[in-house]
Structure formats: C-alpha cells, structure tokens
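Survey of secondary and tertiary structure
These are the residues of each chain, in order.
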Amino acid sequence: MSAVGFDEVITLDGPAASGKSTVARRVAAALAVPCVSSGLLYRAATAIVVAAGTDADDPAAVLATLGRHRVELVPGVAGDVLRIDGRDVTRAVQSDEVDAVVSRVAVHPEVRAWVGERLREMPAPFVIDGRDMGSVVFPRARHKFYLEASPEVRAARRVGERAADLASVAEAIRRRDHLDARQLAPAPDAQHLDTGPLTLDEVVDWVLARVRGAGTP
Ligand code: CDP
Ligand code: CDP
C-alpha cells in the first residue's frame, strides 16, 4: 500500500542546484504521483517580463504584463510542463538570462501571491519543490524536506547543465542565494539533508524511506 494518501503533499525545498527538482521527479515517480516545480512559475513570470522589456523592479508593471499572458503549469508523474500562451517553454526558461533576473521578480509579494494562488489550485497528492513550499505555501504538508549542499558542490552540479565556467556559475549561485535569502528560511518542521556527499540515488532513497516509514495516516 502506498504511504501517500489522497490529500497529501510532499514538499522539497532548498537553494539553487541542491537537487530539489531531480529528487522531486524521482520521488514522485516512485510513489506514482505527479510532481510540480514551483520555480517554473517564477521563471515563467521572469521570461514574460524580460521579453516584454518590463521593469522587473516595478511590481505593478510586472503584474500588468503577466495579466496579458496565459501561464499554465501542468503536473505530471514524469515531470511538469510549463506553457506560456500555449507554447511549451519548460526547458527554455532554464536559462542564464532568466537566472539573472528571476530573484528580482520573485521578491515582490504580489508575484509570490500570483504563484501561490496557482499552486494551491493543484489537486493533491503531489510532490512539489521550491524555496518556501513547506514554510509558506503548504504549511500543513504531511512530509517536508530541506535539501542542502555547499555553493561549491552546487556549482559543480550545475556547470554540467549550462554553457558557463565553474567560477561564473558559482558566482551566479551565490548571488541568487543572497537575493533569495528570505524565501530560503526552512520550515521549522522540515527534515534536513546535506546532499553534498550523497549520490542522487542515496538522496531519493533517504526521502522515500521517511515518507514510507511514516506510514498511512
Ligand atoms: O532550480 P533552481 O533552484 O536553480 O531554480 P528554481 O527552483 O527554478 O527557482 C528559480 C528562482 O525562482 C529562485 O532563484 C527564486 O528566486 C524563485 N523561487 C522562489 O522564490 N520560491 C520558490 N518556491 C521557487 C523559486
Ligand atoms: O532543482 P535544483 O536546482 O535544486 O537542482 P537540480 O536541477 O535537480 O539538480 C542539479 C544537478 O545536480 C542535476 O544535474 C542533478 O542530476 C545533480 N545532482 C547530483 O548530481 N547529486 C545529487 N545528490 C543531487 C543532484
């Protein structure tokens, strides 16, 4: 019997390149439930703002620009899909250009409310990753995890995914850690794991053991 009940949410939070979205996808697949990457909505908002030439530091202008587009985040067991005006942009928003601006867009309470509303409409069960999923958006989630790793380890992981050298990736990660600091405060009841010395399989097994070990409610 699955340990994930009908109305359950599993949150996986942590800083950039801590492994959240990869672990979320694998945990969701093992439990046969959909997964959701909340960062995709912040990335969608940022891609729209950048394309429109909107001032990312002006929340009213950002919201007005977002209102002119249709943003859909579709959960799936194999990973979620992000569409802007019907076009699949799931991979396109994983760019250095979006990375460089996203924290400025995500800092506005108005934008956080826009994202939070969309996430709370999703039907449970699901696994969701982000920064403040366990602390703010789903404070009553049954299972909360917080993945950590040093900036050096995270930069080394990300450099393989981007056309940039280690030093500039590390600098971009440090900058984003700093700008995202407020959202990064872990939920008091989250279970922490330093993923630095661990393989992906070990992290996934650690999360699954805790979800399954907790049993059905
Ligand atoms: O994968 P990575 O951690 O690099 O990024 P992401 O999870 O796609 O998030 C991109 C950005 O969105 C973060 O740097 C935050 O500025 C913002 N974000 C947030 O503020 N709160 C969340 N729950 C998720 C993302
Ligand atoms: O979503 P987040 O930005 O936290 O990280 P990610 O995009 O899931 O993971 C960043 C990269 O680190 C991916 O290429 C993962 O395969 C890798 N990774 C790893 O090598 N070992 C881990 N324990 C976790 C992630």
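Scope of this entry: the structure provided in the associated data block. (Residues numbered from 1 in each chain as written. Chains lettered and ligands numbered in written order. Predicted model: local features only at pLDDT ≥ 70, side-chain atom pairs only at ≥ 80, totals over all residues. Heavy atoms only, no water.)

Now for the nonpolar core. The biggest cluster of nonpolar side chains holds 34 residues, and the ones touching the most others in it are Leu41, Leu73, Leu82, Leu119, Ile128 and Phe138. Elements with a minimum of two residues in this core: helix H2 (39-52), helix H3 (59-66), strand E3 (71-74), strand E4 (81-84), helix H4 (96-106), helix H5 (109-120), strand E6 (126-130) and helix H6 (133-137). Element by element, the count of residues in this core is highest for H2, at 7 residues. Beyond its immediate chain neighbours, meaning those up to four positions away, phenylalanine 138 contacts Val9, Thr11, Leu119, Arg120, Phe126, Ile128, Met133 and Lys144. Counting 19 residues, the second-largest nonpolar core is a separate cluster that includes Ala24, Cys35, Val127 and Trp206. (Core = buried A, V, L, I, M, F, W, Y, C linked by side-chain atoms within 4.5 Å. Buried < 20%, exposed > 50% of the residue type's maximum accessible area, 1.4 Å probe, protein only. Helix = DSSP H or I, 4+ residues; strand = E, 2+ residues; numbered from the N terminus. Contact = heavy atoms within 4.5 Å.)

Taken N-terminus to C-terminus, the directions of H2 and H4 make an angle of 105°; their axes are 9 Å apart at the nearest point. On the basis of their axis angle, the class for H2 and H4 is roughly perpendicular. Contacts between H2 and H4 involve Tyr42, Arg43, Ala45, Thr46, Ala47 and Val50 from the first element and Glu97, Val98, Asp99, Val101, Val102, Val105 and Ala106 from the second. Partitioned by chemical class, the residues of the contact of H2 with H4 number 9 nonpolar, 1 polar and 3 charged. (Axes fitted to C-alpha atoms, helices over the stretch in contact; angles between N-to-C directions. Parallel < 35°, antiparallel > 145°, perpendicular 65-115°, else oblique. Nonpolar A, V, L, I, M, F, W, Y, C, P; charged D, E, K, R; others polar.)

Around ligand 2 there are 15 residues in total, and Ala17, Lys20, Ser21, Thr22 and Glu161 lie nearest to it. The contact in question runs from an oxygen atom of ligand 2 to an N or O atom on the backbone of glycine 19, over 2.9 Å. In this structure, lysine 20 approaches ligand 2 through a side-chain N or O atom, which is 2.8 Å from an oxygen atom. Taking 550 Å² as the accessible area of ligand 2 by itself, protein coverage stands at 80%. Secondary-structure elements contributing two or more residues to the shell around ligand 2 are helix H1 (20-31), helix H7 (151-159) and helix H9 (200-213). At 3 residues, H1 tops the list of elements feeding residues into the shell around ligand 2. By residue class, the composition of the shell around ligand 2 is 6 nonpolar, 5 polar and 4 charged. (Near = heavy atom within 4 Å. Polar contact = N/O pair within 3.5 Å; in protein donor to acceptor, adjacent residues only side chain to side chain. Areas by Shrake-Rupley, 256 points an atom, 1.4 Å probe, with all protein chains shown as cover.)

Surrounding ligand 1, one finds 19 residues, the nearest of these being Lys20, Arg43, Arg158, Arg176 and Asp180. Between lysine 20 and ligand 1, the recorded distance is 2.7 Å, taken from a side-chain N or O atom to an oxygen atom. Note that an oxygen atom of ligand 1 is positioned 2.7 Å from one of the side-chain N or O atoms of arginine 176. In the complex, 97% of the free accessible area of ligand 1, which totals 520 Å², lies under the protein chains. Counting only elements with at least two residues in the shell around ligand 1, the list comes to H2 and H4. Of the residues that constitute the shell around ligand 1, the class distribution is 6 nonpolar, 5 polar and 8 charged.

So, to be careful, I would describe these as geometric facts and stop short of saying anything about function.
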